[in-house]
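Residue-level structural notes
If you want the building blocks of each chain, they are given just below.
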Amino acid sequence: MNLCSGLFGCLSNRAPSATFHIPAVAEAVRRVAAEAGAIAAAMGHPTVDAEANIARATKQVHRSSIVQDLDAGRPMEFHPTFGTPQECARMMGVPTPTMDLLIALVEARARAAGAYPTETQA
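Heads up: these notes are all about the structure in this document. Treat the numbers as computed from the prediction; the structure is a model and nothing was measured. (Residues numbered from 1 in each chain as written. Predicted model: local features only at pLDDT ≥ 70, side-chain atom pairs only at ≥ 80, totals over all residues. Heavy atoms only, no water.)

Taken together, the side chains of Leu11, Leu101 and Leu105 make up a nonpolar region of the molecular surface, amounting to roughly 260 Å² of accessible area. Within the element layout of this structure, Leu101 appears in helix α7 (residues 97-113). (Patch = residues over 30% accessible without salt bridge, like charges linked within 9 Å, V, L, I, M, F, W, Y side chains within 5 Å. Areas by Shrake-Rupley, 256 points an atom, 1.4 Å probe, with all protein chains shown as cover. Salt bridge = Lys/Arg side-chain N within 4 Å of Asp/Glu carboxyl O. Helix = DSSP H or I, 4+ residues; strand = E, 2+ residues; numbered from the N terminus.)

Following this line, the structure appears as structure tokens:
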């Protein structure tokens, strides 16, 4: 759920309790959770109860640390949180269209905020 709360939090600057109840967001959270579950399954890990995790996350009233870092313009743990799952998906041949779109949007926002290096700074 760190992946979901981080992605949606970075885009909304809100805690999951403020956004996960919105039908379109809830559906997108389920898609990202399913994609993450597919990556885990492809790597031989047991699947988790995504609905139970989502239900717990909807009660989360604090913004994730990665969201707080972005908001403050501090360097984010972008790659461990978002890049590593994406790399695992590529390695295992698991399609992650929803995750890919959201990660690209968060990366653009993070670069604009100075919380992720631009190509010339990398």
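From this point, the narrative continues.
This brings us to the packing of aromatic side chains. Under the defined criterion, the tally for this structure stands at 3 aromatic pairs. On the numbers, 5.1 Å between centres and 75 degrees between planes, the contact of Phe78 with Phe82 is edge-to-face. On the criterion of helical spacing, the pair formed by Phe78 and Phe82 is a turn pair, its members being 4 residues apart in helix α6 (residues 78-92). For the residue pair Phe78 and Phe82, the accessibility class agrees, reading buried in each case. Measuring from centroid to centroid gives 4.4 Å for Phe78 and Tyr116, while their planes differ by 55 degrees, and the two rings are tilted. Pair noted here: Phe78 is in helix α6 and Tyr116 is in the segment after α7, with a separation of 38 residues, a long-range link. Assigned by exposure class, Phe78 and Tyr116 land together as buried. (Phe/Tyr/Trp six-rings, centres within 6.5 Å; stacked < 30°, edge-to-face > 60°. Buried < 20%, exposed > 50% of the residue type's maximum accessible area, 1.4 Å probe, protein only.)

A separate point is α6. With 15 residues, α6 extends 21 Å between its outermost C-alpha atoms, agreeing within 8% with the 21 Å of an ideal straight helix rising 1.5 Å per residue. Along α6, the sharpest kink reaches roughly 30 degrees, centred on Thr84 and followed within four residues by the proline Pro85. Residues of α6 that are buried: Phe78, Thr81, Phe82, Gly83, Pro85, Gln86, Cys88 and Ala89. (Expected span 1.5 Å × (residues − 1). Bend = angle between axes of the 7 residues up to and from the residue.)

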